[in-house]
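# Structural description and commentary
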Amino acid sequence: MKITRVTTAVVEANYDWTYVRIEADNGVTGIGECFFAPGLTAMIRDLRNVIIGKDPRHVDRLVRQLQRAASGAGSVSGIVYNAITGIEAALLDLVGKSLGVPIWQLLGGKFRDEVRIYADCHAGTGLESVGPTMEPRHPAWYREAQTKLTPDALEEPQASAQRARQAVAAGFDALKFDLDVDTPSQEGQLRALTSDEIREMESRVAAVREAIGSGVDLALDCHWRYPLADVIRIAHALEPYGILWLEDAVPPFNSQSFRTLRESSRVPLCTGENLFTRHGFRDLIETQAVHFLSPDLQKVGGLLEGRRIADHAEMYDLLIAPHCIASSLGLLASCHLCCAIPNFAVLEFHGQDVPFWDDVLSGQPLPLIRNGRVTVPDAPGLGAELNEAVARQYAKPGEGWFSE
Ligand code: MG
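Residues numbered from 1 in each chain as written. Predicted model: local features only at pLDDT ≥ 70, side-chain atom pairs only at ≥ 80, totals over all residues. Heavy atoms only, no water.

A few words now on the coordination of the magnesium ion. Coordination of the magnesium ion by the protein involves Asp 221 (OD), Glu 247 (OE) and Glu 273 (OE), with metal-donor separations of 2.0 to 2.3 Å. Mapped onto the sequence, the donors of the magnesium ion take the spacing D-x25-E-x25-E. Within this pair, whereas Asp 221 is found in strand β6 (residues 217-221), its partner Glu 273 is found in the loop between β8 (269-271) and α10 (277-286), the two being separated by 52 residues in sequence. A single burial state applies to Asp 221 and to Glu 273, both of which are buried. (Donors = N, O, S within 2.8 Å, 3.2 Å for Na, K, Ca; no water. Helix = DSSP H or I, 4+ residues; strand = E, 2+ residues; numbered from the N terminus. Buried < 20%, exposed > 50% of the residue type's maximum accessible area, 1.4 Å probe, protein only.)

Printed below as a string of structure tokens:
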């Protein structure tokens, strides 16, 4: 069995949903999704030379070969791993289909049939579309969606409370909000917060908690923006609200800051969405710097690497709560790992405001997420396909559509 062709397609959604398709000489194809990155499809075009002509069944070895190829240009982590991760997912889909087994079987089998999903609620309206360097953009679907929103109907904190109620009404029992949206002048990192800004954050959390009651889990994200002293004040302010976790509370460069924060507060901590491979997680895990780890399974280095991170974390009594901003196809791939690890907590869903989030998937009952859960399919491979008739309507201009 040999890999014959590796191609990509990009959908211009809230982010660039970037798909890799791998074809083999047995007539089977596999598909995987990568986390967006500048230059991503060009990287995949270069990387494909490493695997074309090789046997797709040796997934781990191929990933090592891709890693070694990337290391020649100096990369032992970073966005080349977004490319490698999508390739690995496509290989697992291809191999699963060829063997007639689901991806979860290749990852060790299931601990659960349903994967619990949390709704990322951003803040206020969650509608956004950004390019690969986070520049805002307004594709046609975005403009349509925007005209349907009631403009500024509510101010904070009522806007967040309303959005929380809507997510709970849609069936979610775990939500995440951004804490850092309304703090002014975020141009530089480590800008000290005023007491009023911290009080505003607390008032939003209080309003959301009141809206959803005590039975819904609530996580909060800081996006690495604040210095340690301020995050300690934030964490203390949030202690009465039963927070599931405080995410990316301090800048990402110094795991000692997480440990200091952990010792200073009763609020559980989470980080990991920008870390790559098990090596990126090792220090955090072995020092129990945080309580939840959030590898992004479209960039961390692969589903098999996610399995290794989860196994390592389990030895330190830590939970895995994967980050996910992918389309329904990428989220479903993440679900295969989430069902196959014992220490899974909850998986992110970041597509509430993309009107076609479900529709790019075929071969699965839609909506994919029902009552805040995904039922992991038993069909071979991923258990679903890209609905190209729909996805292609949103193809990113200037990118090929599974062409050479
Ligand atoms: Mg985050």
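What follows picks up the thread again.
The next point concerns the environment of Lys 299. The residue Lys 299 is located in the loop between β9 (292-293) and α11 (303-314) in this model. Looking at Lys 299, the relative accessible area reads 3%, which means it is buried. As for Lys 299 and Glu 33, which are separated by 266 residues in sequence, their C-alpha atoms are 9.2 Å apart.

Turning to the side chain of Glu 88, a few remarks are in order. Secondary-structure assignment places Glu 88 in helix α3 (residues 80-99). Although buried, Glu 88 forms no salt bridge, and the nearest oppositely charged side chain, Arg 308, lies 6.6 Å from it. Residues contacting Glu 88, with those up to four places away along its chain left out, are Val 59, Val 63, Gly 302, Leu 303 and Leu 304. (Lys, Arg positive; Asp, Glu negative; His and termini not counted. Salt bridge = Lys/Arg side-chain N within 4 Å of Asp/Glu carboxyl O. Contact = heavy atoms within 4.5 Å.)

All right, on to the sheet that holds strand β2 (residues 16-24) then. Strand pairing in a sheet takes place through backbone hydrogen bonds and is either antiparallel or parallel in direction. Spatially, β1-β2-β3 is the arrangement adopted by the three strands of the open sheet, whose pairing is antiparallel. Each edge of the sheet is formed by a strand with only one pairing partner; in this case those strands are β1 (3-12) and β3 (29-34). Across this sheet, the average inter-strand angle for adjacent strands is 20°, counted without regard to direction. Judged from the nine bridges that link them, β1 and β2 form a sheet pairing that is antiparallel. Among the inter-strand pairings, Val 10 is bridged to a residue of β2, identified as Thr 18. (Pairing = 2+ DSSP bridges. Axes fitted to C-alpha atoms, helices over the stretch in contact; angles between N-to-C directions.)

Here we come to the domain arrangement of the chain. When the parts of a complex come together, some accessible area is lost, and that lost area is often used as the size of the interface. For the chain, the domain assignment lists domain 1 (3-101 + 389-394) and domain 2 (114-386). Here the C-alpha centroids of domain 1 and domain 2 sit 25 Å apart. Interface area, domain 1 with domain 2, both sides summed: about 3,400 Å², of which 65% is carbon and sulfur. The three residues of domain 1 that bury the most area against domain 2 are Asn 14, Tyr 15 and Phe 35, which together make up 19% of that side's buried surface. Viewed at the interface, domain 2 and domain 1 are joined by four salt bridges. Notably, a salt bridge pairs Lys 97 with Glu 385, separated by 2.7 Å at the nearest N-O pair. Across the domain 1-domain 2 interface, the total number found is 21 residue pairs in polar contact (both at pLDDT 80 or more). Only β1, β2, β3, α2 (59-71), α3 and α13 (388-391) provide two or more residues apiece to the side of domain 1 that touches domain 2. Top element by residues in the side of domain 1 that touches domain 2 is α3. It accounts for eight residues. Among the residues forming the side of domain 1 that touches domain 2, the class breakdown is 20 nonpolar, nine polar and eight charged. (Domains from an automatic or database assignment. Buried area = accessible area lost by both parts, 1.4 Å probe. Polar contact = N/O pair within 3.5 Å; in protein donor to acceptor, adjacent residues only side chain to side chain. Nonpolar A, V, L, I, M, F, W, Y, C, P; charged D, E, K, R; others polar.)

Moving on, we get to the packing of aromatic side chains. Each aromatic ring pair is characterised by the separation of its centres together with the angle its planes make. Evaluation of the coordinates by the stated rule reveals twelve aromatic pairs. With a centroid separation of 6.2 Å and an interplanar angle of 55°, the aromatic rings of Tyr 81 and Phe 276 are classed as tilted. Residue Tyr 81 is located in helix α3, and its partner Phe 276 is located in the loop between β8 and α10; the two are separated by 195 residues in the primary sequence. Each member of the pair, Tyr 81 together with Phe 276, is buried. With a centroid separation of 4.5 Å and an interplanar angle of 65°, the aromatic rings of Phe 349 and Trp 357 are classed as edge-to-face. You'll find Phe 349 and Trp 357 in the same group, each marked buried. Grouped by ring-pair contacts, the aromatic residues Trp 17, Trp 141, Tyr 142, Phe 356 and Tyr 394 constitute a single cluster. The side chain of Arg 21 reaches across the aromatic face of Phe 402, ending 3.9 Å from its centre. Lying over the aromatic face of Phe 35, Lys 299 brings its terminal NZ or CZ to 3.9 Å of the ring centre. (Phe/Tyr/Trp six-rings, centres within 6.5 Å; stacked < 30°, edge-to-face > 60°. Lys NZ or Arg CZ within 6 Å of the ring centre and 35° of its normal.)

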